[in-house]
Each structure stands twice: as C-alpha cells, then as structure tokens.
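Residue-level listing of the chains:
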Amino acid sequence: MSTSAIAAALSAYALLIFVLIVLLVVAYWKMFTKAGIAGRKSLIPLYNVYIAFKIAWKDQTAFWVWLAANVVYGLFRDHEDGVSGVITIAAGTLALVWWMRFCMKQARSYGRGTGAGIAAFFLPNIMTLYYGFASSCTYAGPQD
C-alpha cells in the first residue's frame, strides 16, 4: 500500500470518528433537553454524568457511590495481592454493578424496558444515539 493510500484511509477514519463524536454530543444534548435539563450541561465532563444519574435515579447518592467505587478501583488497580487485591476486586465489582443499575434506570426513565438497559450496558454509544434521536423515547422521570 502506498503512503497516499494509507493517508487517505486514516483521513477517512478520522472523519468518521469525528462525525460519530459530534452525533454523540448532539444525542447527549437532546437526552438532557428531553429531561428538562439545559443541554449545555451535557458538555461538562463528569458533571454530565452526575446530571445523567440525577435524570435516571431518584437517589442522589447513587452517583457518589459509583464515583467513589471508581476512584478506589483506580487507586488500587495495580495491587493484585492481599488486602489491596480484595479492595480492587470489590470496588471494581461495585462500580460495574452500579453502572448496570444506572443503565437499567436510565432505560426506564426514557420509557424503555430491561432489554434497552442491557443494551445500554453493552452498547452505550448506540443507546445514547437511540435515546437522543428516537422520537418514541420520551422522558418518564427518575426511577426508584
């Protein structure tokens, strides 16, 4: 393959990634506006996740539990033995379970069922596009 062909392929790939990122940003913005939240809040890193938890979950401590579990996992992930290993496994498992619960509650808050929650866990970007752009997805309120 020639250098110009490789450059063309990389340029096409970069353009595709850029278009997907723009679509995801717009979809997240639309998800927030469907929930009655200013769309611009979807652009602020970490704060947008906090707001997404507020949109999907009535219990406001859910975000903090998820965040703490991720921070602890990040701090201890390089330690594989002893108490540190147990802490790593426990924190990682808690973060994963909490994220799955969030995906289920988010699906229900946008009027979808268990299947959409499982899909959101395994295919989050596709479901973000679906929740944002599908006119059949309307905001039903935070879930218990």
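Structure's up top.
From a predicted model like this one, the values you see are computed outputs, not experimental measurements.

### Details of the packing of helix H2 (residues 47-56) against helix H3 (residues 61-76)
Stage number 1. Put simply, H2 and H3 touch, their axes get as near as 8 Å, and they point 135° apart. Put simply, H2 runs oblique to H3. The crossing of H2 and H3 is right-handed. From H2, Val-49, Tyr-50 and Phe-53 reach across to H3, where they touch Ala-62, Phe-63, Trp-64 and Trp-66.
Stage number 2. Residue composition of the contact of H2 with H3, grouped by class: 7 nonpolar, no polar and no charged.

### So, the layout of surface pockets
Stage number 1. Roughly 350 Å³ of internal volume is contained in the largest pocket.
Stage number 2. Lining the largest pocket we find 20 residues, and of these Leu-24, Tyr-28, Pro-124, Asn-125 and Thr-128 sit closest to its centre.
Stage number 3. Among the secondary structure elements, those contributing two or more residues to the lining of the largest pocket are helix H1 (3-34), H2, helix H4 (82-109) and helix H6 (124-133).

### Some thoughts on the nonpolar core
Stage number 1. Ranked by size, the top nonpolar core spans 26 residues in total, and within it Phe-53, Trp-66, Phe-102 and Tyr-131 carry the most contacts.
Stage number 2. In terms of residue count, H2 provides more of this core than any other element does, 6 residues in total.
Stage number 3. Not counting residues within four places of it along the chain, the set of residues in contact with Phe-102 comprises Ala-52, Phe-53, Ala-56 and Trp-57.

The rules behind the values
- Residues numbered from 1 in each chain as written.
- Predicted model: local features only at pLDDT ≥ 70, side-chain atom pairs only at ≥ 80, totals over all residues.
- Heavy atoms only, no water.
- Axes fitted to C-alpha atoms, helices over the stretch in contact; angles between N-to-C directions.
- Helix = DSSP H or I, 4+ residues; strand = E, 2+ residues; numbered from the N terminus.
- Parallel < 35°, antiparallel > 145°, perpendicular 65-115°, else oblique.
- Left-handed = near helix turned anticlockwise from the far one by under 90°.
- Contact = heavy atoms within 4.5 Å.
- Nonpolar A, V, L, I, M, F, W, Y, C, P; charged D, E, K, R; others polar.
- 1 Å grid on protein atoms, 1.4 Å probe; cavity = no way out; pocket = protein on both sides within 12 Å on 5 of 7 lines; lining within 4 Å.
- Points joined across faces, edges and corners; volume = space filled by probe spheres on them.
- Core = buried A, V, L, I, M, F, W, Y, C linked by side-chain atoms within 4.5 Å.
- Buried < 20%, exposed > 50% of the residue type's maximum accessible area, 1.4 Å probe, protein only.

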